[in-house]
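Coordinate inspection notes
One-letter residues, chain by chain:
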Amino acid sequence: MILVTGGAGFIGGNFVLDWLRCNDEPVINLDALTYAGNLESLASIKDDPRHIFVHGDICDRALVDRLLAEHKPRAIVHFAAESHVDRSIHGPGDFVRTNVEGTFTLLEAARAYWTTLEGAAKEAFRFHHVSTDEVYGSLGPNDPAFTETDTYEPNSPYSASKAASDHLVRAWHHTYGLPVTTSNCSNNYGPYHFPEKLIPLMITNALAGKPLPVYGDGQQIRDWLYVTDHCSAIRTILEKGQVGEVYNVGGWNEKPNIEIVHVLCTLLDELKPDVAGSYSRLITYVTDRPGHDRRYAIDARKIERDLGWRPAETFETGIRKTVEWYLANQEWVANVQSGAYRQWLETNYEAR
Ligand code: NAD
Ligand code: DAU
């Protein structure tokens, strides 16, 4: 079996669902169920004996030790993190705790466990660390896309904490020989995405007739990847990736934010027309994010060349599926829009 951390979050949840769709190998899912963790996303596998959910913190060394000793996983896939850049600006402490201290705790537990393994089990063991393209910093309009050998220049508390975790993972391989792989992925989108991030926030605000808050001039560029393509990339790395290697994962889909918002409005105009007119009437430019990175782009040639992975979805197919999913899953959305979520909207948007 494998141990997944953060498997009740957006990408981890999609990964667990996909994993169990693709094969029969059981998953232990360790998640602290922060505001971003949601067991409703895993409702379809609630009674599946291949899924063992453990409510707990990756910083809890005794718990992680116990899970490893009891279940003897052949791999750890580490998603758990604080993941929202705006929240990291308002409260960086949680990011250092989970992303840095939590990764350190997992690495130490994994090292102790791996040392006890022998022969083929020791040889096969992998620690896969899920990271982000944001560690490389911000690109100018004509810069080439990020490659695996680019220097680290993180600019936000979030990306700095992820960069720190990447460095720890690298060091645990070089110093202790722990068999690690790392992926640095671009912006994901798709089902079960918490509506604090750009795409689900715009869809849910539009459907509620609320302003669509575009930061600054809306010309910041992100490279979008449909979430199940990220999941397939991680499965490919687990299966064929070389120990100690880093793989950049991206969708070859660079788009300015304002274009994304217009695409969402056009799709909603088609799929759920509003009597008041096009949803684009709700677009509102607001004060920019402090230190806002201008452009990210991933050069994903290494993972294609070495491991044969390419994304299956185009932006057009992925974004349509995403809007359709949100329209069909209004109850999931309503349930995550709790008191804590409304408080976040106030903190982040009211003074903009
Ligand atoms: P998310 O915020 O949706 O989910 C994070 C999950 O981790 C939640 O279920 C939360 O409960 C859990 N968690 C948080 N702190 C924990 C702790 N201390 N112990 C155990 N569980 C804890 O995040 P996401 O968007 O799914 O991102 C998953 C991973 O992928 C992160 O490491 C993130 O840095 C990385 N990543 C995200 C994107 C993206 O576009 N969302 C892109 C590239 C990389
Ligand atoms: O690049 C990968 C990263 O992508 C991941 O590592 C992060 O975990 C993930 O959250 C995401 O970070 P971003 O900051 O790029 O995502 P977000 O959805 O918050 O914002 C996308 C862009 O949209 C960014 O340029 C800021 C802008 N934006 C965002 C929000 C929430 C707006 O203009 N308005 C908004 O209300």
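Re the site of ligand 1
- Looking at ligand 1, there are 29 residues lining it, with Ile11, Asp31, Ser83, Tyr158 and Lys162 nearest.
- Isoleucine 11 is positioned such that a nitrogen or oxygen atom in its backbone is 2.7 Å from an oxygen atom of ligand 1.
- Contact between ligand 1 and leucine 33: an oxygen atom at 3.4 Å from a main-chain N or O atom of the residue.
- When isolated, ligand 1 has an accessible area of 840 Å², and the protein chains bury 96% of it.
- Of all the secondary-structure elements, those providing two or more residues to the shell around ligand 1 are helix 1 (10-22), strand 5 (126-132), helix 6 (157-176) and strand 7 (187-189).
- In terms of residue count, strand 5 provides more of the shell around ligand 1 than any other element does, three residues in total.

Some details on the site of ligand 2
- With respect to spatial proximity, 24 residues lie near ligand 2, and among them Asp133, Tyr158, Arg289, His292 and Tyr349 are the closest.
- Asparagine 257 has a polar side-chain atom sitting 2.8 Å from an oxygen atom of ligand 2.
- The protein chains hide 95% of the 690 Å² of surface that ligand 2 would expose on its own.
- In terms of residue count, the dominant contributor to the shell around ligand 2 is strand 8 (residues 212-215) (three residues).

Remarks on the layout of surface pockets
- If you add up the space inside the second largest pocket, you get close to 290 Å³.
- As for the second largest pocket, its lining consists of 15 residues, and the residues nearest its centre are Tyr152, Asp166, Arg170, Gly244 and Val246.
- Elements that contribute at least two residues to the lining of the second largest pocket include exactly helix 6 and strand 6 (180-185).
- Counting residues per element, the lining of the second largest pocket draws most heavily on helix 6, at six residues.

Quick notes on the pattern of salt bridges
- Scanning all chains against the criterion turns up 22 salt bridges.
- Between arginine 61 and aspartate 65 there is a salt bridge, with the nearest N and O atoms lying 2.9 Å from each other. Of the two residues, arginine 61 and aspartate 65 are both situated in helix 2 (residues 61-71); the distance of four residues between them amounts to about one turn of the helix.
- Look at aspartate 65 and you get partly exposed, because its relative accessible area is 30%.
- Residues joined by salt bridges that share partners form a network here, namely Asp18, Arg21 and Arg235.

Brief notes about the sheet that holds strand 7
- Strands sit in the order 7-9-11 across an open sheet of three strands; the sheet is mixed. Each of the sheet's edge strands pairs with one partner strand only, and the pair in question is strand 7 and strand 11 (254-256). Taken pair by pair, the neighbouring strands of this sheet meet at an average axis angle of 50 degrees, ignoring direction.
- The sheet contact formed by strand 7 and strand 9 (residues 221-226) spans three bridges and is parallel. In the strand pairing of strand 9, asparagine 188 is matched with leucine 225.
- The strands touched by helix 9 (residues 257-271) within the sheet are strand 9 and strand 11, with strand 11 carrying the most contacts at an inclination of about 85 degrees.

Comments concerning the side chain of asparagine 248
- Take asparagine 248: it is sitting in strand 10 (residues 246-249).
- Of the polar contacts made by the side chain of asparagine 248, one reaches the side chain of tyrosine 136; its length is 2.9 Å.

Regarding the state of the cysteines
- According to the stated counting rule, one finds zero disulfides in the structure shown.
- Its sulfur unpaired, cysteine 22 is 9.0 Å from the next cysteine sulfur, which belongs to cysteine 231.
- Free cysteine cysteine 185: the closest other cysteine sulfur is in cysteine 231, separated by 9.4 Å.

Section: the pairing of strand 5
- The element strand 5 is largely enclosed, with a buried count of seven among its seven residues.
- The two faces of strand 5 match: Arg126, His128, Val130 and Thr132 on one face and Phe127, His129 and Ser131 on the other face are all buried.
- As defined by bridge partners, strand 4 (residues 75-78) adjoins strand 5 across four bridges and the pair is classed as parallel. Bridging across to strand 5, histidine 78 finds its partner in histidine 129.
- Sheet analysis places strand 5 next to strand 6, joined by six bridges and oriented parallel. From the neighbouring strand, valine 130 faces strand 6, where its bridge partner is serine 183.
- Running through helix 6, the crossover from strand 5 to the neighbouring parallel element strand 6 is right-handed.

What about the packing of helix 2 against helix 4 (residues 93-116)?
- Orientation of helix 2 relative to helix 4, taken along the N-to-C sense of each, is 35 degrees, at an axis distance of 10 Å. Along this stretch, helix 2 crosses helix 4, giving a crossing that reads as right-handed. Contacts between helix 2 and helix 4 involve Arg61, Val64, Asp65 and Leu68 from the first element and Thr105, Leu106, Glu108, Ala109, Ala110, Ala112 and Tyr113 from the second.
- Looking at the contact of helix 2 with helix 4 residue by residue, the classes come out as seven nonpolar, one polar and three charged.

Reading the values: the criteria
Every chain's residues receive numbers from 1 upward, in the order its sequence appears when written. Whichever chain is written first becomes A and whichever ligand is written first becomes 1, with later ones labelled in order. Residue-level local features of this predicted model are given only where pLDDT is at least 70; pairs of side-chain atoms are given and counted only at 80 or more, and the full residue set underlies all totals for whole chains, interfaces and linings. Side-chain metrics rest on all non-hydrogen atoms present in the structure, leaving aside hydrogens and water. A cutoff of 4 Å decides nearness: a residue is near a molecule or strand if any of its heavy atoms lies inside that distance of it. Within 3.5 Å is the distance limit for a polar contact, defined as a pair of N or O atoms, with the added protein rule that one can donate a hydrogen and the other accept it, and that residues adjacent in sequence qualify only through two side-chain atoms. For every accessible area listed, the method is Shrake-Rupley and the probe measures 1.4 Å; residues are considered covered only by the protein chains on display. In DSSP terms, a helix is any run of H or I states spanning at least four residues, a strand is any run of E spanning at least two, and both are numbered starting from the N terminus. As defined here, a cavity is a set of points on a 1 Å grid over the protein atoms alone where a 1.4 Å probe fits but cannot get out. A pocket is an open set with protein on both sides within 12 Å along at least five of seven lines, and residues line them when an atom is within 4 Å of a point. Grid points are joined across faces, edges and corners, and a volume is the space filled by probe spheres set on the points. What makes a salt bridge here is a side-chain nitrogen of Lys or Arg within 4 Å of a carboxyl oxygen of Asp or Glu, nothing more. Note on classification: 1.4 Å probe, protein chains only; a residue is buried when its accessible area is under 20% of the maximum for its type, exposed when over 50%, partly exposed between these limits. When DSSP finds two or more bridges between two strands, those strands count as paired. Under this scheme, a helix contributes an axis fitted over its contacting stretch, all axes are lines through C-alpha atoms, and angles between N-to-C directions fall in the 0 to 180 degree range. We call two residues in contact whenever any of their non-hydrogen atoms come within 4.5 Å of each other. Our working definition of a disulfide is a cysteine sulfur pair at a distance within 2.5 Å. By convention, a crossover is right-handed whenever its connection, traced from the first strand over the helix to the second and viewed with the strands pointing away, goes clockwise. Each crossing gets its handedness from the near helix: less than a right angle anticlockwise from the far helix is left-handed, clockwise is right-handed. As a working rule, the residues Ala, Val, Leu, Ile, Met, Phe, Trp, Tyr, Cys and Pro are called nonpolar, Asp, Glu, Lys and Arg charged, and the rest polar, with Gly in that last group.

Any link to function would need more than the numbers given here.
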